[in-house]
Amino acid sequence: MNVLYVFSRYFVALLFLLSAQQELFSQDIENIAERYPLIPLPISLKPQLGELQITNALKIRLLPYNKETQELAEYIASFLGLQHASILENALGDDKNCITISIDPHGVIPPEGYYLSITPDAISITASTVQGAFWGFQTVKQLIPASFYTSHTSIAIPCVEIYDAPRFTYRGLHLDVSRHFFPVEFIKKYIDLMVSYKFNTFHWHLTDDQGWRVEIKKYPRLQEIAAFRDETFLGHPKTQLFTFLRKFDGRRYGGFYTQEEIKDVVEYARKRHIEIIPEIELPGHSVAVLAAFPELGCSKGPYKTATQWGIMRDVYCAGSEKTFEFLENILEEVISLFPSTYIHIGGDEVLKTRWRNCSKCQERRQAEGLKNEEELQSYFIRRIEQFLNKKNRQIIGWDEILEGGVAPNATVMSWRGVSGGIKAAQQGHNVIMTPNQYLYFDHYQSKSPNEPLAIGGFTNLEKVYLYEPVPKELQPDEAAHILGAQANVWTEFIATSEQVEYMTYPRAIALAEVNWTALTEKNYSQFYKRLTRNLLLLDGLRVHYHPLSSQESTQK
Ligand code: TNX
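(A) Local environment of the sheet that holds strand β18 (residues 394–398). On the basis of which strands lie adjacent, the closed barrel formed by 8 strands has the order β8-β9-β16-β17-β18-β19-β20-β23 and parallel pairing. Taken pair by pair, the neighbouring strands of this sheet meet at an average axis angle of 30°, ignoring direction. Bridge count between strand β9 (residues 201–205) and strand β16 (residues 275–282): 5 bridges; the pairing is parallel. Its bridge partner lying in β16, His205 is registered against Glu279. Strands in contact with helix α15 (residues 419–426) are β19 (411–414), β20 (431–433) and β23 (482–487); relative to β19, the strand with the most contacts, it is inclined by about 160°.

Structure (C-alpha coordinates):
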(Lines give C-alpha, C1' and ligand atoms only; values in the text may rest on other atoms or scores of the structure.)
Protein backbone atom coordinates (compact mmCIF):
# COMPACT_ATOMS: atom_id res chain seq x y z
CA MET A 1 0.00 0.00 0.00
CA ASN A 2 2.81 2.33 0.91
CA VAL A 3 4.44 1.76 -2.44
CA LEU A 4 1.21 2.46 -4.28
CA TYR A 5 0.70 5.61 -2.32
CA VAL A 6 4.18 6.93 -3.02
CA PHE A 7 3.87 5.93 -6.65
CA SER A 8 0.61 7.83 -7.04
CA ARG A 9 2.29 10.94 -5.62
CA TYR A 10 5.13 10.63 -8.12
CA PHE A 11 2.71 10.11 -10.89
CA VAL A 12 1.01 13.39 -10.01
CA ALA A 13 4.41 15.11 -9.81
CA LEU A 14 5.39 13.74 -13.20
CA LEU A 15 2.15 14.81 -14.83
CA PHE A 16 2.63 18.24 -13.35
CA LEU A 17 6.14 18.41 -14.68
CA LEU A 18 5.06 17.53 -18.16
CA SER A 19 2.11 19.89 -18.20
CA ALA A 20 3.53 22.89 -16.44
CA GLN A 21 7.01 23.54 -17.76
CA GLN A 22 6.40 27.18 -18.61
CA GLU A 23 3.39 27.62 -16.36
CA LEU A 24 4.65 30.46 -14.20
CA PHE A 25 6.09 32.41 -17.05
CA SER A 26 2.95 32.22 -19.08
CA GLN A 27 1.12 33.77 -16.12
CA ASP A 28 1.20 37.42 -15.41
CA ILE A 29 3.82 37.22 -12.71
CA GLU A 30 3.15 40.76 -11.55
CA ASN A 31 -0.31 39.75 -10.43
CA ILE A 32 0.74 36.73 -8.45
CA ALA A 33 3.67 38.39 -6.62
CA GLU A 34 1.27 39.60 -3.96
CA ARG A 35 -0.14 36.13 -3.29
CA TYR A 36 3.09 34.16 -3.86
CA PRO A 37 6.01 36.45 -2.95
CA LEU A 38 8.54 33.66 -3.43
CA ILE A 39 12.31 34.18 -3.61
CA PRO A 40 13.96 32.37 -5.22
CA LEU A 41 11.29 32.06 -7.86
CA PRO A 42 10.41 28.40 -8.49
CA ILE A 43 10.83 26.79 -11.89
CA SER A 44 7.13 26.34 -12.23
CA LEU A 45 4.09 27.54 -10.27
CA LYS A 46 0.38 26.93 -10.82
CA PRO A 47 -1.79 29.27 -8.74
CA GLN A 48 -4.78 27.54 -7.13
CA LEU A 49 -7.89 28.95 -5.52
CA GLY A 50 -8.46 28.74 -1.80
CA GLU A 51 -6.42 28.59 1.33
CA LEU A 52 -5.22 26.05 3.83
CA GLN A 53 -5.77 26.83 7.50
CA ILE A 54 -3.05 25.35 9.67
CA THR A 55 -4.19 24.60 13.19
CA ASN A 56 -2.63 23.11 16.30
CA ALA A 57 -3.99 19.74 15.29
CA LEU A 58 -1.66 19.58 12.27
CA LYS A 59 -0.20 16.15 11.55
CA ILE A 60 3.06 15.41 9.78
CA ARG A 61 3.10 12.18 7.81
CA LEU A 62 6.50 10.72 6.86
CA LEU A 63 7.03 8.33 3.97
CA PRO A 64 9.36 6.70 4.82
CA TYR A 65 9.63 7.25 8.54
CA ASN A 66 13.33 7.35 9.45
CA LYS A 67 15.83 9.43 11.42
CA GLU A 68 16.30 11.93 8.60
CA THR A 69 12.62 12.50 7.84
CA GLN A 70 11.89 12.64 11.55
CA GLU A 71 14.45 15.46 11.90
CA LEU A 72 12.65 17.33 9.13
CA ALA A 73 9.32 16.82 10.90
CA GLU A 74 10.80 18.20 14.12
CA TYR A 75 12.14 21.22 12.22
CA ILE A 76 8.71 21.84 10.69
CA ALA A 77 6.87 21.41 13.98
CA SER A 78 9.26 23.70 15.80
CA PHE A 79 9.10 26.39 13.10
CA LEU A 80 5.31 26.35 13.16
CA GLY A 81 5.38 26.52 16.95
CA LEU A 82 3.55 23.19 17.32
CA GLN A 83 4.82 21.51 20.47
CA HIS A 84 2.57 18.50 20.11
CA ALA A 85 2.40 17.87 16.37
CA SER A 86 1.58 14.22 15.75
CA ILE A 87 4.06 12.51 13.50
CA LEU A 88 2.55 9.68 11.47
CA GLU A 89 4.32 6.83 9.76
CA ASN A 90 1.39 5.29 7.98
CA ALA A 91 0.57 6.04 4.36
CA LEU A 92 -3.09 5.37 4.98
CA GLY A 93 -5.52 7.64 6.68
CA ASP A 94 -7.13 10.99 6.40
CA ASP A 95 -5.09 13.67 4.62
CA LYS A 96 -7.00 16.49 6.27
CA ASN A 97 -4.82 18.98 8.13
CA CYS A 98 -1.75 16.99 7.29
CA ILE A 99 1.70 17.74 5.82
CA THR A 100 2.87 14.68 3.95
CA ILE A 101 6.56 14.30 3.16
CA SER A 102 7.30 11.58 0.59
CA ILE A 103 10.88 10.70 -0.26
CA ASP A 104 11.77 8.36 -3.09
CA PRO A 105 15.47 8.28 -4.00
CA HIS A 106 14.61 6.62 -7.30
CA GLY A 107 12.09 9.28 -8.26
CA VAL A 108 12.11 11.65 -11.22
CA ILE A 109 12.85 14.78 -9.23
CA PRO A 110 16.48 16.02 -9.21
CA PRO A 111 18.43 15.75 -5.91
CA GLU A 112 17.57 19.15 -4.40
CA GLY A 113 14.26 19.58 -6.20
CA TYR A 114 10.74 19.11 -4.86
CA TYR A 115 7.13 19.00 -5.84
CA LEU A 116 4.77 20.91 -3.54
CA SER A 117 1.02 20.87 -3.47
CA ILE A 118 -1.09 22.94 -1.12
CA THR A 119 -4.84 22.31 -1.20
CA PRO A 120 -7.52 23.61 1.19
CA ASP A 121 -7.08 20.35 3.13
CA ALA A 122 -3.42 19.42 3.09
CA ILE A 123 0.18 20.02 2.11
CA SER A 124 2.22 17.46 0.28
CA ILE A 125 5.96 17.67 -0.45
CA THR A 126 7.53 15.05 -2.67
CA ALA A 127 11.27 14.81 -3.31
CA SER A 128 14.13 12.45 -4.06
CA THR A 129 16.10 13.58 -1.00
CA VAL A 130 15.19 14.94 2.41
CA GLN A 131 17.20 18.01 1.46
CA GLY A 132 14.83 18.57 -1.49
CA ALA A 133 11.83 18.26 0.83
CA PHE A 134 13.53 20.69 3.22
CA TRP A 135 13.71 23.29 0.43
CA GLY A 136 10.06 22.55 -0.29
CA PHE A 137 9.21 23.49 3.27
CA GLN A 138 11.23 26.72 2.93
CA THR A 139 8.83 27.61 0.11
CA VAL A 140 5.89 26.91 2.41
CA LYS A 141 7.52 29.17 5.02
CA GLN A 142 7.56 32.06 2.56
CA LEU A 143 3.82 31.67 1.95
CA ILE A 144 2.96 32.01 5.63
CA PRO A 145 1.49 35.45 6.32
CA ALA A 146 3.59 37.88 8.34
CA SER A 147 0.94 38.07 11.07
CA PHE A 148 2.02 34.55 12.07
CA TYR A 149 5.23 35.93 13.56
CA THR A 150 3.42 38.32 15.85
CA SER A 151 0.27 36.43 16.84
CA HIS A 152 1.20 32.75 16.27
CA THR A 153 -2.48 31.94 16.04
CA SER A 154 -4.19 30.86 12.84
CA ILE A 155 -2.06 30.41 9.74
CA ALA A 156 -3.66 30.60 6.31
CA ILE A 157 -1.51 29.57 3.33
CA PRO A 158 -2.62 30.14 -0.28
CA CYS A 159 -3.18 26.99 -2.32
CA VAL A 160 -0.67 26.32 -5.06
CA GLU A 161 1.17 23.66 -7.02
CA ILE A 162 4.91 24.06 -7.47
CA TYR A 163 7.64 22.09 -9.13
CA ASP A 164 11.11 23.33 -8.39
CA ALA A 165 14.83 22.48 -8.58
CA PRO A 166 18.02 24.57 -8.34
CA ARG A 167 20.18 25.73 -11.23
CA PHE A 168 23.48 25.43 -9.29
CA THR A 169 24.66 22.84 -6.76
CA TYR A 170 26.82 25.35 -4.84
CA ARG A 171 24.91 28.26 -3.33
CA GLY A 172 27.11 29.97 -0.80
CA LEU A 173 27.46 32.74 1.73
CA HIS A 174 30.68 33.52 3.56
CA LEU A 175 31.39 35.25 6.86
CA ASP A 176 34.71 36.56 8.12
CA VAL A 177 34.86 36.02 11.90
CA SER A 178 38.53 36.98 12.22
CA ARG A 179 38.46 40.73 11.68
CA HIS A 180 35.46 40.79 13.98
CA PHE A 181 34.19 37.91 16.03
CA PHE A 182 30.53 36.89 16.15
CA PRO A 183 28.92 34.68 18.78
CA VAL A 184 27.58 31.17 18.14
CA GLU A 185 23.98 32.36 18.55
CA PHE A 186 24.46 34.77 15.68
CA ILE A 187 26.12 32.15 13.47
CA LYS A 188 23.03 30.01 13.97
CA LYS A 189 20.76 32.89 13.01
CA TYR A 190 22.92 33.50 9.92
CA ILE A 191 22.43 29.83 8.97
CA ASP A 192 18.67 30.03 9.58
CA LEU A 193 18.40 33.03 7.30
CA MET A 194 20.48 31.29 4.64
CA VAL A 195 18.21 28.26 4.51
CA SER A 196 15.15 30.48 4.22
CA TYR A 197 16.55 31.42 0.80
CA LYS A 198 17.80 27.93 -0.11
CA PHE A 199 21.53 28.58 0.24
CA ASN A 200 23.28 25.27 0.92
CA THR A 201 26.87 26.24 1.83
CA PHE A 202 28.31 28.39 4.60
CA HIS A 203 31.96 29.35 4.10
CA TRP A 204 33.33 30.09 7.57
CA HIS A 205 36.45 32.28 7.35
CA LEU A 206 37.98 31.25 10.67
CA THR A 207 41.53 32.56 10.53
CA ASP A 208 43.30 35.72 9.39
CA ASP A 209 46.03 38.16 10.40
CA GLN A 210 43.78 39.83 12.99
CA GLY A 211 42.69 36.74 14.92
CA TRP A 212 42.57 32.94 15.03
CA ARG A 213 39.06 31.71 15.88
CA VAL A 214 39.06 27.91 16.18
CA GLU A 215 40.25 25.99 19.22
CA ILE A 216 43.10 23.61 18.36
CA LYS A 217 43.81 21.28 21.28
CA LYS A 218 47.38 20.55 20.27
CA TYR A 219 48.37 24.22 20.22
CA PRO A 220 46.85 26.15 23.18
CA ARG A 221 48.97 29.18 22.31
CA LEU A 222 46.62 29.74 19.38
CA GLN A 223 43.81 30.32 21.86
CA GLU A 224 45.99 32.30 24.26
CA ILE A 225 47.82 34.54 21.79
CA ALA A 226 46.63 34.21 18.19
CA ALA A 227 42.95 34.64 19.13
CA PHE A 228 43.57 38.14 20.51
CA ARG A 229 44.89 41.47 19.28
CA ASP A 230 46.04 44.34 21.49
CA GLU A 231 43.78 46.93 19.90
CA THR A 232 41.94 47.82 16.70
CA PHE A 233 42.55 50.50 14.14
CA LEU A 234 39.87 53.20 14.04
CA GLY A 235 38.76 54.67 10.75
CA HIS A 236 39.67 53.90 7.16
CA PRO A 237 43.22 53.49 5.79
CA LYS A 238 42.25 55.60 2.75
CA THR A 239 41.61 58.63 4.90
CA GLN A 240 44.63 58.14 7.14
CA LEU A 241 47.52 57.67 4.77
CA PHE A 242 50.22 58.48 7.31
CA THR A 243 50.48 55.36 9.41
CA PHE A 244 52.06 57.17 12.32
CA LEU A 245 48.96 59.37 12.61
CA ARG A 246 46.56 56.44 12.78
CA LYS A 247 44.33 56.10 15.79
CA PHE A 248 43.59 52.89 17.69
CA ASP A 249 40.93 52.09 20.25
CA GLY A 250 43.39 50.79 22.85
CA ARG A 251 41.13 47.83 23.67
CA ARG A 252 42.19 44.19 23.62
CA TYR A 253 39.89 42.30 21.25
CA GLY A 254 39.35 38.66 20.45
CA GLY A 255 37.77 35.31 21.08
CA PHE A 256 37.50 31.87 19.54
CA TYR A 257 35.00 29.04 19.17
CA THR A 258 35.67 26.00 21.35
CA GLN A 259 35.60 22.62 19.62
CA GLU A 260 32.34 21.88 21.44
CA GLU A 261 30.81 25.05 20.02
CA ILE A 262 32.04 24.21 16.52
CA LYS A 263 30.54 20.71 16.74
CA ASP A 264 27.28 22.22 17.93
CA VAL A 265 27.16 24.64 14.97
CA VAL A 266 28.09 21.90 12.47
CA GLU A 267 25.27 19.73 13.80
CA TYR A 268 22.86 22.66 13.72
CA ALA A 269 23.80 23.25 10.07
CA ARG A 270 23.55 19.55 9.20
CA LYS A 271 19.96 19.44 10.43
CA ARG A 272 19.29 22.37 8.11
CA HIS A 273 21.01 20.76 5.11
CA ILE A 274 23.81 23.31 5.08
CA GLU A 275 27.40 22.25 4.53
CA ILE A 276 29.95 24.32 6.42
CA ILE A 277 33.29 24.80 4.69
CA PRO A 278 35.96 25.97 7.14
CA GLU A 279 38.74 28.20 5.87
CA ILE A 280 42.22 27.97 7.34
CA GLU A 281 44.30 30.65 5.62
CA LEU A 282 47.76 29.75 4.34
CA PRO A 283 50.51 30.62 3.47
CA GLY A 284 49.48 34.31 3.94
CA HIS A 285 46.98 36.06 6.22
CA SER A 286 48.67 34.24 9.08
CA VAL A 287 50.40 36.85 11.24
CA ALA A 288 48.22 35.98 14.25
CA VAL A 289 49.68 32.46 14.18
CA LEU A 290 53.23 33.82 13.86
CA ALA A 291 52.62 35.90 16.98
CA ALA A 292 52.07 32.63 18.85
CA PHE A 293 54.70 30.59 16.95
CA PRO A 294 57.44 32.93 15.66
CA GLU A 295 59.52 29.94 14.57
CA LEU A 296 57.06 29.41 11.69
CA GLY A 297 57.96 32.74 10.03
CA CYS A 298 60.95 33.54 7.80
CA SER A 299 62.38 36.14 10.17
CA LYS A 300 62.76 35.76 13.89
CA GLY A 301 60.01 38.27 14.56
CA PRO A 302 58.79 39.31 17.04
CA TYR A 303 55.33 39.28 15.53
CA LYS A 304 52.03 40.44 16.91
CA THR A 305 48.45 39.76 15.91
CA ALA A 306 47.60 42.46 13.37
CA THR A 307 45.74 45.52 14.65
CA GLN A 308 45.26 47.11 11.21
CA TRP A 309 43.66 45.99 7.95
CA GLY A 310 45.47 45.22 4.71
CA ILE A 311 48.03 42.78 3.36
CA MET A 312 50.87 41.81 5.72
CA ARG A 313 54.40 41.07 4.67
CA ASP A 314 54.90 38.16 7.08
CA VAL A 315 53.72 34.71 6.01
CA TYR A 316 54.51 31.08 6.89
CA CYS A 317 58.06 30.08 5.94
CA ALA A 318 57.85 27.79 2.90
CA GLY A 319 61.35 26.43 3.48
CA SER A 320 60.82 25.07 6.97
CA GLU A 321 59.47 21.56 7.56
CA LYS A 322 58.08 22.80 10.89
CA THR A 323 55.50 24.85 8.96
CA PHE A 324 54.09 21.79 7.22
CA GLU A 325 54.13 19.67 10.35
CA PHE A 326 52.24 22.41 12.20
CA LEU A 327 49.66 22.92 9.44
CA GLU A 328 49.05 19.19 9.04
CA ASN A 329 48.43 18.85 12.78
CA ILE A 330 45.99 21.71 12.62
CA LEU A 331 44.20 20.37 9.57
CA GLU A 332 43.94 16.98 11.26
CA GLU A 333 41.88 18.57 14.04
CA VAL A 334 39.93 20.73 11.60
CA ILE A 335 38.80 17.74 9.55
CA SER A 336 37.75 15.93 12.69
CA LEU A 337 35.38 18.84 13.39
CA PHE A 338 34.06 19.49 9.88
CA PRO A 339 32.68 16.60 7.78
CA SER A 340 32.62 18.79 4.61
CA THR A 341 34.03 17.44 1.34
CA TYR A 342 35.91 20.72 0.94
CA ILE A 343 38.43 22.47 3.14
CA HIS A 344 39.25 26.04 2.08
CA ILE A 345 42.97 26.71 2.41
CA GLY A 346 43.02 30.39 1.44
CA GLY A 347 46.01 31.10 -0.80
CA ASP A 348 45.22 34.79 -1.45
CA GLU A 349 47.38 37.90 -1.24
CA VAL A 350 50.69 36.27 -0.38
CA LEU A 351 53.47 38.85 -0.55
CA LYS A 352 56.67 37.10 -1.61
CA THR A 353 59.15 39.57 -0.03
CA ARG A 354 60.01 37.36 2.93
CA TRP A 355 60.46 34.23 0.81
CA ARG A 356 62.78 36.08 -1.56
CA ASN A 357 65.06 36.99 1.30
CA CYS A 358 64.85 33.78 3.30
CA SER A 359 67.70 31.28 2.90
CA LYS A 360 65.50 28.30 3.78
CA CYS A 361 62.85 29.31 1.23
CA GLN A 362 65.52 29.79 -1.43
CA GLU A 363 67.06 26.39 -0.63
CA ARG A 364 63.65 24.82 -0.99
CA ARG A 365 63.03 26.60 -4.27
CA GLN A 366 66.28 25.34 -5.75
CA ALA A 367 65.98 21.81 -4.38
CA GLU A 368 62.50 21.49 -5.90
CA GLY A 369 63.55 23.07 -9.22
CA LEU A 370 61.07 25.94 -8.86
CA LYS A 371 61.56 28.96 -11.11
CA ASN A 372 60.22 31.67 -8.84
CA GLU A 373 58.26 32.44 -5.67
CA GLU A 374 54.92 31.92 -7.45
CA GLU A 375 55.99 28.34 -8.06
CA LEU A 376 57.07 28.11 -4.44
CA GLN A 377 53.54 29.09 -3.43
CA SER A 378 52.23 26.39 -5.78
CA TYR A 379 54.53 23.87 -4.13
CA PHE A 380 53.14 24.93 -0.74
CA ILE A 381 49.51 24.52 -1.83
CA ARG A 382 50.16 21.20 -3.59
CA ARG A 383 51.71 19.75 -0.45
CA ILE A 384 48.69 20.75 1.59
CA GLU A 385 46.40 19.42 -1.13
CA GLN A 386 48.17 16.06 -1.12
CA PHE A 387 47.78 15.82 2.62
CA LEU A 388 44.06 16.61 2.48
CA ASN A 389 43.37 14.40 -0.56
CA LYS A 390 44.83 11.47 1.36
CA LYS A 391 42.23 12.18 4.02
CA ASN A 392 39.53 12.17 1.35
CA ARG A 393 39.07 15.92 1.37
CA GLN A 394 39.24 18.36 -1.53
CA ILE A 395 40.72 21.84 -1.38
CA ILE A 396 39.24 25.17 -2.40
CA GLY A 397 41.58 28.15 -2.81
CA TRP A 398 41.26 31.81 -3.84
CA ASP A 399 42.19 32.45 -7.47
CA GLU A 400 45.83 33.28 -6.67
CA ILE A 401 46.38 29.50 -6.46
CA LEU A 402 46.35 29.54 -10.28
CA GLU A 403 49.63 31.48 -10.32
CA GLY A 404 52.67 29.22 -10.56
CA GLY A 405 50.48 26.23 -11.49
CA VAL A 406 47.25 25.18 -9.83
CA ALA A 407 47.13 22.09 -7.57
CA PRO A 408 45.71 19.14 -9.54
CA ASN A 409 42.35 18.64 -7.82
CA ALA A 410 41.71 22.13 -6.52
CA THR A 411 38.47 24.06 -6.85
CA VAL A 412 39.05 27.75 -7.48
CA MET A 413 37.16 30.65 -5.93
CA SER A 414 37.27 33.52 -8.39
CA TRP A 415 37.31 36.78 -6.42
CA ARG A 416 39.49 39.23 -8.37
CA GLY A 417 36.79 39.61 -10.96
CA VAL A 418 35.86 36.70 -13.20
CA SER A 419 39.11 36.06 -15.10
CA GLY A 420 40.43 33.53 -12.57
CA GLY A 421 37.18 31.61 -12.87
CA ILE A 422 37.38 31.58 -16.66
CA LYS A 423 40.98 30.40 -16.64
CA ALA A 424 40.34 27.68 -14.07
CA ALA A 425 37.25 26.36 -15.89
CA GLN A 426 39.19 26.31 -19.16
CA GLN A 427 41.82 24.19 -17.41
CA GLY A 428 39.11 21.77 -16.30
CA HIS A 429 38.93 22.89 -12.66
CA ASN A 430 35.73 23.42 -10.76
CA VAL A 431 34.97 27.03 -9.96
CA ILE A 432 32.92 29.01 -7.47
CA MET A 433 32.23 32.56 -8.60
CA THR A 434 32.68 35.29 -5.96
CA PRO A 435 33.73 38.29 -8.10
CA ASN A 436 34.41 41.33 -5.94
CA GLN A 437 32.60 43.82 -8.20
CA TYR A 438 29.28 41.94 -7.83
CA LEU A 439 29.39 39.77 -4.74
CA TYR A 440 31.40 41.57 -2.06
CA PHE A 441 28.84 42.49 0.54
CA ASP A 442 31.36 44.57 2.47
CA HIS A 443 30.98 47.15 -0.34
CA TYR A 444 28.58 50.11 -0.14
CA GLN A 445 25.04 49.31 -1.25
CA SER A 446 23.82 52.86 -1.74
CA LYS A 447 25.36 56.27 -2.41
CA SER A 448 23.60 57.89 0.52
CA PRO A 449 25.98 59.94 2.68
CA ASN A 450 24.35 58.31 5.70
CA GLU A 451 25.68 54.85 4.94
CA PRO A 452 27.88 53.56 7.75
CA LEU A 453 31.60 53.39 6.93
CA ALA A 454 32.40 50.51 4.56
CA ILE A 455 35.54 49.27 2.83
CA GLY A 456 34.63 50.95 -0.48
CA GLY A 457 33.12 49.91 -3.81
CA PHE A 458 29.49 50.17 -4.84
CA THR A 459 27.44 47.01 -5.21
CA ASN A 460 23.75 47.64 -4.98
CA LEU A 461 20.89 45.17 -4.97
CA GLU A 462 20.24 45.50 -8.70
CA LYS A 463 23.85 44.78 -9.59
CA VAL A 464 23.75 41.59 -7.51
CA TYR A 465 20.43 40.53 -9.02
CA LEU A 466 21.63 41.04 -12.58
CA TYR A 467 24.87 39.12 -12.04
CA GLU A 468 25.24 36.04 -14.27
CA PRO A 469 27.62 33.41 -12.81
CA VAL A 470 28.55 31.66 -16.07
CA PRO A 471 30.93 33.89 -18.06
CA LYS A 472 29.96 34.01 -21.73
CA GLU A 473 33.56 33.29 -22.75
CA LEU A 474 33.12 29.65 -21.69
CA GLN A 475 32.21 26.74 -23.97
CA PRO A 476 29.40 24.51 -22.65
CA ASP A 477 31.77 21.81 -21.36
CA GLU A 478 33.81 24.47 -19.56
CA ALA A 479 30.68 26.16 -18.23
CA ALA A 480 29.77 22.90 -16.51
CA HIS A 481 32.69 23.56 -14.13
CA ILE A 482 30.93 26.60 -12.65
CA LEU A 483 29.42 25.08 -9.53
CA GLY A 484 27.66 28.26 -8.45
CA ALA A 485 28.17 31.62 -6.81
CA GLN A 486 28.89 32.93 -3.33
CA ALA A 487 28.88 36.33 -1.66
CA ASN A 488 31.63 37.25 0.77
CA VAL A 489 31.10 39.25 3.93
CA TRP A 490 34.49 40.56 5.05
CA THR A 491 34.26 42.30 8.38
CA GLU A 492 37.07 44.85 8.70
CA PHE A 493 34.37 47.53 8.92
CA ILE A 494 31.57 45.37 10.30
CA ALA A 495 31.87 45.12 14.06
CA THR A 496 28.41 43.95 15.15
CA SER A 497 25.92 41.22 14.27
CA GLU A 498 23.35 43.90 13.33
CA GLN A 499 25.81 45.39 10.89
CA VAL A 500 26.43 41.95 9.32
CA GLU A 501 22.68 41.67 8.73
CA TYR A 502 22.54 45.19 7.33
CA MET A 503 25.31 44.48 4.81
CA THR A 504 24.09 40.99 3.90
CA TYR A 505 20.34 41.54 3.50
CA PRO A 506 18.59 42.05 1.17
CA ARG A 507 21.55 41.55 -1.20
CA ALA A 508 21.80 37.87 -0.24
CA ILE A 509 18.18 37.44 -1.33
CA ALA A 510 19.08 38.67 -4.83
CA LEU A 511 21.98 36.22 -4.95
CA ALA A 512 19.69 33.41 -3.79
CA GLU A 513 17.62 33.82 -6.94
CA VAL A 514 20.74 34.14 -9.13
CA ASN A 515 21.91 30.76 -7.84
CA TRP A 516 18.61 28.91 -7.77
CA THR A 517 16.47 30.07 -10.67
CA ALA A 518 17.50 29.64 -14.30
CA LEU A 519 15.75 32.61 -15.86
CA THR A 520 16.05 33.30 -19.56
CA GLU A 521 15.43 36.93 -18.89
CA LYS A 522 15.75 38.74 -15.57
CA ASN A 523 13.21 41.33 -14.57
CA TYR A 524 14.56 43.44 -11.72
CA SER A 525 11.40 45.45 -11.07
CA GLN A 526 9.36 42.27 -10.82
CA PHE A 527 11.94 40.82 -8.38
CA TYR A 528 11.78 44.06 -6.40
CA LYS A 529 8.01 43.78 -6.13
CA ARG A 530 8.23 40.23 -4.77
CA LEU A 531 10.99 41.35 -2.41
CA THR A 532 8.86 44.09 -0.86
CA ARG A 533 6.38 41.45 0.28
CA ASN A 534 9.03 38.84 1.02
CA LEU A 535 10.87 41.14 3.44
CA LEU A 536 8.01 40.69 5.90
CA LEU A 537 9.62 37.32 6.62
CA LEU A 538 12.79 39.13 7.68
CA ASP A 539 10.76 41.52 9.81
CA GLY A 540 9.25 38.49 11.51
CA LEU A 541 12.69 37.02 12.10
CA ARG A 542 13.91 40.38 13.45
CA VAL A 543 16.60 40.97 10.89
CA HIS A 544 18.29 44.35 10.76
CA TYR A 545 18.37 44.53 6.96
CA HIS A 546 19.20 47.50 4.73
CA PRO A 547 15.87 49.22 3.99
CA LEU A 548 14.68 49.18 0.41
CA SER A 549 13.81 52.87 0.39
CA SER A 550 17.48 53.80 0.35
CA GLN A 551 18.39 51.41 -2.49
CA GLU A 552 19.58 53.14 -5.63
CA SER A 553 19.71 51.96 -9.17
CA THR A 554 23.03 50.98 -10.67
CA GLN A 555 25.52 53.78 -11.19
CA LYS A 556 28.90 52.92 -12.48
C1 TNX B 1 40.45 40.86 -0.07
S2 TNX B 1 38.98 38.37 -0.99
C3 TNX B 1 40.67 39.79 0.77
C4 TNX B 1 40.26 39.89 2.19
C5 TNX B 1 39.72 41.26 2.51
C6 TNX B 1 38.82 41.72 1.39
C7 TNX B 1 38.14 43.02 1.65
C8 TNX B 1 40.28 37.82 -0.45
C9 TNX B 1 40.56 36.48 -0.85
N10 TNX B 1 41.09 38.57 0.33
O11 TNX B 1 41.34 39.54 3.02
O12 TNX B 1 39.03 41.19 3.72
O13 TNX B 1 39.58 41.84 0.21
O14 TNX B 1 37.16 43.30 0.68
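So, next bit.
(B) Summary view of the side chain of Arg61. With respect to the helices and strands, the residue Arg61 is situated in strand β2 (residues 59–63). Within the structure, the side chain of Arg61 is placed 3.0 Å from the side chain of Asp95, a separation counted as a polar contact.

(C) Fine view of the sheet that holds strand β1 (residues 44–54). Strand order in the open sheet formed by 7 strands is β1-β7-β5-β6-β4-β2-β3, with mixed pairing between adjacent strands. Both edges of this open sheet fall to β1 and β3 (86–88), since each of them pairs with a single strand only. Geometrically, the sheet is characterised by an average inter-axis angle of 20° between neighbouring strands, direction not taken into account. Note that β2 and β3 share 3 bridges and pair parallel. Paired with Lys59 across the bridge in β3 is Ser86.

(D) Highlighting the packing of aromatic side chains. All chains considered together, the criterion is met by 29 aromatic pairs. Look at Phe202 and Trp204: their rings are 5.7 Å apart centre to centre, the planes differ by 35°, and that puts the pair in the tilted class. Classification of Phe202 as buried rests on a relative accessible area of 0%. Trp204 gets classed as buried once you look at its relative accessible area, which sits at 0%. The interplanar angle of 45° and the centroid separation of 4.8 Å between the aromatic rings of Phe324 and Phe380 together place this pair among those described as tilted. Taken together, the residues span a long stretch of sequence, with Phe324 in helix α11 (residues 321–337) and Phe380 in helix α14 (residues 373–390) at a distance of 56 residues. Taken as a pair, Phe324 and Phe380 share a single burial class, namely buried. Put simply, the rings of Phe181, Phe182, Phe186, Tyr190, Phe202, Trp204, Tyr257 and Phe338 pair up and form one aromatic cluster. Its guanidinium or amino end placed over the ring of Phe324, Arg383 lies 4.0 Å from that ring's centre, counting from NZ or CZ. The ring of Tyr465 carries the charged tip of Lys522 above its face, separated from the ring centre by 5.7 Å.

What counts and what doesn't
Residues numbered from 1 in each chain as written. Predicted model: local features only at pLDDT ≥ 70, side-chain atom pairs only at ≥ 80, totals over all residues. Heavy atoms only, no water. Pairing = 2+ DSSP bridges. Helix = DSSP H or I, 4+ residues; strand = E, 2+ residues; numbered from the N terminus. Axes fitted to C-alpha atoms, helices over the stretch in contact; angles between N-to-C directions. Contact = heavy atoms within 4.5 Å. Polar contact = N/O pair within 3.5 Å; in protein donor to acceptor, adjacent residues only side chain to side chain. Phe/Tyr/Trp six-rings, centres within 6.5 Å; stacked < 30°, edge-to-face > 60°. Buried < 20%, exposed > 50% of the residue type's maximum accessible area, 1.4 Å probe, protein only. Lys NZ or Arg CZ within 6 Å of the ring centre and 35° of its normal.

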